[in-house]
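Per-entry structural report
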Amino acid sequence: MAKHPIYGLMAEFDNTHDLVAAAHRVREEGYRQIDAYTPFPVEGLEETVGFRLPLLPIITFIGGLTGCIGGFILQYWPNVIGYPLDIGGKPYDSWPSFIPITFELTILGAALFCVFGMFFLCGLPMPYHPVFNVPRFKLASHDRFFLCIKSKDPKFSLDETKRFLEGLNAREVSIVPV
Amino acid sequence: MDPVDPVTEEKPAFVEPGSPWIAPGHSYGSVSDRIAGVVLGRTRKGWIFGFAIAFFLFLVLNYGITMLFFVGVGKFGINIPVAWAFAITNFVWWIGIGHAGTLISAFLLLMRQKWRTSINRFAEAMTIFAVACAGMFPLIHMGRPWLFYWLFPYPDTMGVWPQFRSPLVWDVFAVSTYFTVSLLFWYVGLVPDLATLRDKAKNKLAKVAYGFFSMGWRGSVKHWRRHEVASLLLAGIATPLVVSVHTVVSFDFTIAIVPGWHSTIFPPYFVAGAIYSGFAMVIMLAIPLRKWFHLEDFITIRHLNNMGKLLLATGMIVTYSYVMEAFMAFYSADKFESYMMLNRMTGPYAIVFWTLIACNIAIPMTFLWSYRIRTNTVALFLIAGVAQVGMWLERFVIIVTSLHRDFVPSSWGQFYPTPTDWEVLFGSLGLFFCLFYLFARLLPSISIFEMRDLVHKTAEEAGVIAGAAE
């Protein structure tokens, strides 16, 4: 695979309909290293960029489970093993009164894993990314829709890919410098 | 490479007249510009004036707390038998106010209620600031506030631990979890909007600051998908959390044996009251916000009507709880319980009790049934304010009238608030409004990306643009 001094080619679209149609055409054409950028979540794009079932629910579940078990042990250990105190003849392992804190820490664990897991999976924070080199990319957070074919795609060829993207009802096709 | 000016771009109008939750004529670009314009535009005189008042009250809070720390909790009017008074009332009141924000952002998201879109952001901000105000009160109410960290389980050299069977320790976990989760939920929702502000900002400092906090968000398909999944998961876990927090707060009372506190109705009763006061606060924030920042297109009269209906619904649950509480006190045939209720209605604090009934039941439950009143901003604002006062009085009545006369008449007493009590109460309002003013100035008060999504869905439903599936 030839090394390109560019990150890829970026096509700009006016509306979601054109973007989704173009993304499907790009996929059919055999491109795999693609990504789309939109100002709000657009349905029907995940399969075109090859996005599988998200890991996030599993990560969140693990976080919740960690919080739950950790929270219970946090109370069980001091009361039963570490420093047992007989208070009003109550059993050391008075588990019903440990439930509220166990519950809260379950929620805390799940929420922390969920949020930091999401940022981790998204690769954020990412201070630099080549797509920001395209001046019009500012509009991806306003009202425009972008589709990028990366140069690392085996099928990528600067001229052919550019011509192909221009034929997809794109408003503008620009080169993304690295 | 000239900078792109989004304002000069053509804007196809996407929202047709007659759409339910947004004014007609809006497009993706126009909602973005309008909401971001509030943040990126110039500071207005009205804002400075309002902030100055809030800041003055904040200074009053600082004065009150400084004197309190200097002298001791005796600066409050508390003593035996009434050892809990204003500080705990304020704590319960503030944390209750926070609940509506989470309810709007989480519960209404799960219920797929589209009208939450334009109110969820500032309601979530309200939650965070209200919980911050609430969290302060148990700390300053401690005799030795510099030892607050004893509440947390940390391995100290003596090997002793907090009493995990105590609801006061449950409270620490519930409130700190609630604060953390609310903050995370809020921040996750803010990231795409911070990216919008980063791309629109002209000022160098604003660019760097919004750029830093948006963490390089670029709106990739994968980002959005994960963002959506994360929001749904957080909504799913925040909904039981919000119920648990006020339940735990009510345990602070119900676990004790004091007549008027020891009651199984408290958890649902407290949660309903929390949501009631929270919606009242959302209304009280929404009405000036939409007027001052000209956001009437997004926070429409229909939104206010819906919030008024929710206020009415939760108010009815609160009414039912009051009736049941009084009924059970007499039906129990327990003389301490029935005396407690009689004392509330006819004793030294009877005026407070009847004001509370007027504020929470009589006034809102009479007027909120009317569509004309729910859609009249001034009337709705005033009713929400009355309900807000009523909810504060409710917590005061529960705490003080239960404590001041318990089992043995020889240990009865009275509570009178001191200047410090009032300084800290009004000062906490100052803290809240200072934070809220800063929020409204520095961050988008309405979720921009969700409004774009709303424009899209509204246009799709009206058939203005083709659906993505075609």
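The rules behind the values
Residues numbered from 1 in each chain as written. Chains lettered and ligands numbered in written order. Predicted model: local features only at pLDDT ≥ 70, side-chain atom pairs only at ≥ 80, totals over all residues. Heavy atoms only, no water. Helix = DSSP H or I, 4+ residues; strand = E, 2+ residues; numbered from the N terminus. Rg over C-alpha atoms; globule rule 2.2 N^0.38 Å. Buried < 20%, exposed > 50% of the residue type's maximum accessible area, 1.4 Å probe, protein only. Areas by Shrake-Rupley, 256 points an atom, 1.4 Å probe, with all protein chains shown as cover. Lys, Arg positive; Asp, Glu negative; His and termini not counted. Charge placed at Lys NZ, Arg CZ, Asp CG, Glu CD. Core = buried A, V, L, I, M, F, W, Y, C linked by side-chain atoms within 4.5 Å. Domains from an automatic or database assignment. Contact = heavy atoms within 4.5 Å. Phe/Tyr/Trp six-rings, centres within 6.5 Å; stacked < 30°, edge-to-face > 60°. Lys NZ or Arg CZ within 6 Å of the ring centre and 35° of its normal. pLDDT = per-residue confidence, 0-100. Pairing = 2+ DSSP bridges. Axes fitted to C-alpha atoms, helices over the stretch in contact; angles between N-to-C directions. Parallel < 35°, antiparallel > 145°, perpendicular 65-115°, else oblique. Left-handed = near helix turned anticlockwise from the far one by under 90°. Nonpolar A, V, L, I, M, F, W, Y, C, P; charged D, E, K, R; others polar. Buried area = accessible area lost by both parts, 1.4 Å probe. Salt bridge = Lys/Arg side-chain N within 4 Å of Asp/Glu carboxyl O. Polar contact = N/O pair within 3.5 Å; in protein donor to acceptor, adjacent residues only side chain to side chain.

**Description of the overall build of chain B**
Secondary structure assignment for chain B yields 15 helices and 0 strands. Against the globule reference of 23 Å for 470 residues, chain B gives a C-alpha radius of gyration of 24 Å, in line with a compact fold. Dimensions of chain B, computed from C-alpha atoms along their principal axes, come out at roughly 80 × 55 × 40 Å. The proportion of buried residues among the 470 residues of chain B is 61%. When the accessible surface of chain B is totalled, it reaches about 19,100 Å², and 70% of it is carbon and sulfur. Averaging the locations of the 34 positively and 27 negatively charged side chains of chain B gives two centres separated by 3 Å.

**Here we look at the nonpolar core**
Residues B:Trp94 and B:Phe122 are the most contacted members of the largest nonpolar core, which totals 193 residues. At 17 residues, helix 8 (residues 266-292) of chain B tops the list of elements feeding residues into this core. Mapped onto the domain boundaries, this core takes at least three residues apiece from domain 1 (6-39 + 143-177) and domain 2 (56-122) of chain A. Not counting chain neighbours up to four residues away, the residues in contact with B:Trp94 comprise B:Ala130, B:Cys133, B:Ala134, B:Phe137, B:Met281, B:Ser428, B:Leu429 and B:Phe432. Formed by 11 residues, the second largest nonpolar core is a distinct cluster that contains A:Tyr7, A:Tyr37, A:Cys148 and A:Val176.

**Some remarks on the packing of aromatic side chains**
The way to describe two aromatic rings as a pair is by their centre distance and the angle between their planes. Residue and element names in this part refer to chain B. The full count for this structure, using the stated rule, is 51 aromatic pairs over all chains. Seen in terms of ring centroids, Phe 86 and Trp 392 are 5.0 Å apart; in terms of plane orientation they differ by 80°. Their pairing is edge-to-face. On the criterion of sequence distance, the pair formed by Phe 86 in helix 3 (residues 86-110) and Trp 392 in helix 13 (residues 377-404) is long-range, its members being 306 residues apart. Given a relative accessible area of 9%, Trp 392 falls into the buried group. Pairwise contacts between aromatic rings join Trp 93, Trp 94, Phe 129, Trp 186, Phe 432, Phe 433, Phe 436 and Phe 439 into one cluster. Positioned above the aromatic ring of Trp 21 is the side chain of Arg 302, whose terminal nitrogen or guanidinium carbon lies 4.6 Å from the ring centre.

**What to know about the confidence of the model for chain B**
Per-residue pLDDT for chain B averages 89, and the proportion of residues at 70 or more is 96%. Counting contacts from residues 1-11 of chain B, a segment whose pLDDT is below 50, to residues more than four positions away or on other chains yields 20 contacts.

**Structural notes on the pairing of strand 1 (residues 6-13) of chain A**
Residue and element names in this part refer to chain A. Strand 1 sits mainly inside the fold: 8 of its 8 residues count as buried. With 6 bridges joining them, strand 1 and strand 4 (residues 172-177) adopt antiparallel strand pairing. Within strand 4, the position partnered with Met 10 by the bridge is Ser 174. Bridging between strand 1 and strand 3 (residues 145-150) involves 6 bridges; their strand directions are antiparallel. Pairing of Phe 13 across the sheet is with Phe 145, part of strand 3.

**With respect to the packing of helix 3 of chain B against helix 7 (residues 221-254) of chain B**
Residue and element names in this part refer to chain B. Direction vectors running N to C along helix 3 and helix 7 enclose 155°, while the axes themselves pass 9 Å from each other. Taken together, the axes of helix 3 and helix 7 lie roughly antiparallel to each other. The chirality of how helix 3 crosses helix 7 is left-handed. Contacts between helix 3 and helix 7 pair Ile 88, Phe 91, Val 92, Ile 95, Gly 96, His 99, Thr 102, Leu 103, Ala 106, Phe 107, Leu 109 and Leu 110 from the former with Ser 231, Leu 232, Ala 235, Gly 236, Ala 238, Thr 239, Val 242, Val 245, His 246, Val 249, Asp 252 and Phe 253 from the latter. A class-by-class count of the residues in the contact of helix 3 with helix 7 yields 16 nonpolar, 7 polar and 1 charged.

**A short note on the interface of chain B and chain A**
Contacts between chain B and chain A engage 67 residues on the former and 67 residues on the latter. Taking both sides of the interface into account, the surface hidden between chain B and chain A amounts to around 6,100 Å²; carbon and sulfur atoms contribute 70%. Among the residues chain B hides against chain A, the three largest losses belong to B:Arg165, B:Arg218 and B:Arg226. Together they make up 14% of the total. Summed over the shared surface of chain B and chain A, the result is 0 salt bridges. For the pair chain B and chain A, the interface holds 19 residue pairs in polar contact (both at pLDDT 80 or more). Broken down by secondary-structure element, the contributors of at least two residues to the side of chain B that touches chain A are helix 1 (28-40), helix 5 (167-200), helix 7 and helix 15 (448-462) of chain B. Looking at the side of chain B that touches chain A, its residues break down into 35 nonpolar, 15 polar and 17 charged.

**Some words on the pattern of salt bridges**
Residues and elements named next belong to chain A. Going through the model one piece at a time under the given rule, you end up with 18 salt bridges over all chains. Arg 144 serves as the salt-bridge partner of Glu 12, at 3.0 Å between the closest nitrogen and oxygen. With Glu 12 in strand 1 and Arg 144 in the loop between helix 3 (99-122) and strand 3, the pair connects residues that are 132 residues apart, well separated along the chain. Of the two residues, Glu 12 and Arg 144, both sit in the buried class.

**What about the side chain of B:Arg116?**
Residue and element names in this part refer to chain B. For Arg 116, the position within the fold is in the loop between helix 3 and helix 4 (120-140). Assessed through its relative accessible area of 5%, Arg 116 is described here as buried. Residues contacting Arg 116, with those up to four places away along its chain left out, are Ile 104, Ser 105, Leu 108, Leu 109 and Glu 450.

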